[in-house]
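Chains, contacts and geometry: an overview
Residue-level listing of the chains:
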Amino acid sequence: MDDHLSFSFRVVPWRPFVIAVTLGLAWPVHAEEPLLNLGAEAQGSAPMQPNRESNLPSDEPEVDKGGMTQKEKQANAEDQADKQKPPEWGYHDELAPRHWAELSPRYALCGEGQSQSPINLKRQGAVGTTGLPGFDVHYRETVLKTEFDGKRLKVNVPVGSYVRLQNRRYELIHYEFHTPSEHQKDGFAYPAELQWVHKDGEGNYVNVAVLFREGQANEALETVLSNLPGEMNQERVNEGVKLPATDFIPPSRKFYKYHGSLAHPPCTESVYWMVFDQPLEASVSQLTRLQEYLGNNARPVQPLKARTLLKSWPDESEQAADYPFYYTP
């Protein structure tokens, strides 16, 4: 058989060969001599003399039996580990938001994305409209389950609570707290923010957020603060304590809407954000306790770029009315 390039592996019968691989192409290369003649000594042939240069240091990288250098093996092992467990990230020092894109190729959107969250909600720049789709909420009353992963305080919610937007169902996974707020209003950050995280079967998100300002004590927030998890990454199930997620929805249903991303790695850009215009109140003591527990876990605001920020009420010249917001227990 003639030696020639081939796009498929072909066996050359009765002739020794080695396989050379370059740029994904494989072709047979006939070996002029065996790489190791195991039958030489058995046939009485003189043993091969050792090469005096074989013990000298070589500039060539050491290659194992699989044809990989030690550096390649290490890189491959790190790549496999990266696939099994996402790289660690955080809000401080070398794990801070400004370094997220450098931690892993998975997090590239954190630095290169064009629709990142959170953003500064500028009231004057938002486009007033009454044509936003209805938003139907179906939240069940469930046992309070709190968890702290070292970055976010989360209230986990079992399957069955969801929102429906444009006739599409998004399951409520959990809601989480941030201090200070991640979203800003007209350049001002609030003491805290709560975010409901919903997801459909295709990996699309609907995140709803509400900000907190100093004021009267908040009964729902007090329930969470009184049942904080004791250990990190350990869910605390508070039997007998029930807290409907709707207890955090403000009286006014007006909200801002924009297309953004997850506000943490991998910064996926398939998130429909809705942020209530009216903040909730919480006492100074409650906000201080929450901040002391969480520390600073807010990503800085990101550029709006080519996106349009919408608001669910007409322009200021028109009478502002609450946007329809349906709650079904």
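Residues numbered from 1 in each chain as written. Predicted model: local features only at pLDDT ≥ 70, side-chain atom pairs only at ≥ 80, totals over all residues. Heavy atoms only, no water.

**Focus: the packing of aromatic side chains**
Under the defined criterion, the tally for this structure stands at twelve aromatic pairs. Plain terms: the ring middles of Trp 89 and Trp 100 are 5.5 Å apart, the flat faces sit at 80° to each other, and that makes the pair edge-to-face. Of this pair, Trp 89 sits in the loop between helix H1 (70-84) and helix H2 (100-103) while Trp 100 is found in helix H2, placing the two residues eleven residues apart along the sequence. You can call Trp 89 buried: its relative accessible area is 9%. Ring-pair connections join several aromatic residues into one group, and the members of that group are Tyr 175, Phe 177, Phe 212 and Phe 248. When the ring centre of Trp 89 is taken as origin, the NZ or CZ atom of Lys 151, which lies over that ring, is 4.8 Å away. The ring of Tyr 162 has Arg 169 sitting right over it, with the charged end atom 3.6 Å from the ring centre. (Phe/Tyr/Trp six-rings, centres within 6.5 Å; stacked < 30°, edge-to-face > 60°. Helix = DSSP H or I, 4+ residues; strand = E, 2+ residues; numbered from the N terminus. Buried < 20%, exposed > 50% of the residue type's maximum accessible area, 1.4 Å probe, protein only. Lys NZ or Arg CZ within 6 Å of the ring centre and 35° of its normal.)

**A closer look at the sheet that holds strand E11 (residues 188-189)**
With mixed pairing, three strands are arranged side by side in an open sheet as E3-E10-E11. Edge strands, defined here as strands with exactly one partner in the open sheet, are strand E3 (120-121) and E11. The pairing of strand E10 (residues 184-185) with E11 spans two bridges and is antiparallel. Within the sheet, the bridge partner assigned to Gln 184 lies in E11 and is Ala 189. (Pairing = 2+ DSSP bridges.)

**A word on empty space enclosed by the protein**
Following the criterion strictly, the structure yields two cavities of 30 Å³ or more and no others. Size it by volume and the largest cavity reaches roughly 60 Å³. Every residue lining the largest cavity is listed: Arg 140, Thr 142, Val 143, Leu 144, Val 155, Asn 156, Val 157, Ser 161, Tyr 175, Leu 243 and Ala 245. Only strand E6 (143-148) and strand E7 (153-156) provide two or more residues apiece to the lining of the largest cavity. Its residues placed into classes, the lining of the largest cavity shows seven nonpolar, three polar and one charged. (1 Å grid on protein atoms, 1.4 Å probe; cavity = no way out; pocket = protein on both sides within 12 Å on 5 of 7 lines; lining within 4 Å. Points joined across faces, edges and corners; volume = space filled by probe spheres on them. Nonpolar A, V, L, I, M, F, W, Y, C, P; charged D, E, K, R; others polar.)

**A word on the pairing of E6**
Relative to strand E14 (residues 236-242), E6 is paired through four bridges, and the arrangement is antiparallel. Following the sheet pairing, Leu 144 is matched in E14 by Asn 238. Note: E6 against E7, three bridges, orientation antiparallel. In the strand pairing of E7, Thr 146 is matched with Val 155. Between the antiparallel neighbours E6 and E7 lie four residues, among them Gly 150 with a positive phi of about 95°.

**Structural notes on the side chain of Asn 227**
Following the sequence through the fold, Asn 227 ends up in the loop between helix H4 (219-225) and E14. Aside from chain neighbours lying at most four places away, what touches Asn 227 is Leu 144, Thr 146, Arg 236, Asn 238 and Val 241. (Contact = heavy atoms within 4.5 Å.)

**Re the state of the cysteines**
Taken as a whole and judged by the stated rule, the model has one disulfide. In this model Cys 110 forms its disulfide with Cys 267; the gap between the sulfur atoms is 2.1 Å. Torsion about the S-S bond of the Cys 110 and Cys 267 cystine: about 95°, corresponding to right-handed handedness. Here Cys 110 is found in helix H3 (residues 109-112), whereas its partner Cys 267 is found in the loop between strand E15 (255-260) and strand E16 (271-276), with 157 residues between them in sequence. With respect to burial, Cys 110 and Cys 267 carry one shared label: buried. (Disulfide = S-S within 2.5 Å.)

**Brief notes about the layout of surface pockets**
Volume-wise, the largest pocket comes out at about 350 Å³. In terms of lining, the largest pocket is formed by 24 residues, of which the most central are Trp 89, Arg 152, His 264, Pro 265 and Pro 266. Of all the secondary structure elements, the ones that give two or more residues to the lining of the largest pocket are strand E9 (168-178), strand E12 (192-199) and strand E13 (205-214). Here the residues of the lining of the largest pocket are counted per class, giving twelve nonpolar, four polar and eight charged.

**Let's talk about the confidence of the model for the chain**
Summing up the model confidence of the chain, the mean pLDDT is 79 and the portion of residues at 70 or higher is 69%. Per-residue pLDDT stays below 50 along residues 1-62; that stretch engages in 42 contacts with residues further than four places along the chain or on separate chains. Residue range residues 323-329 is modelled with pLDDT below 50. Its contacts to residues more than four positions away, or to other chains, number 25 contacts. (pLDDT = per-residue confidence, 0-100.)

**Notes on the pattern of salt bridges**
One pass over the full model with this rule turns up ten salt bridges. Ionic pairing is found between Arg 168 and Asp 200, a salt bridge with its closest N-O pair at 2.7 Å. One end of the pair, Arg 168, is in strand E9; the other, Asp 200, is in the loop between E12 and E13, with 32 residues separating them in the sequence. Judged by its relative accessible area of 32%, Arg 168 falls in the partly exposed class. Across the pair Glu 281 and Arg 213 runs a salt bridge whose closest N-O atoms are separated by 2.8 Å. Here Glu 281, found in strand E17 (residues 280-282), pairs with Arg 213, found in strand E13; they are 68 residues apart in sequence, far enough to count as distant. A residue is classified by how much of its surface remains accessible, and Glu 281, at 28% relative accessible area, is partly exposed. (Salt bridge = Lys/Arg side-chain N within 4 Å of Asp/Glu carboxyl O.)

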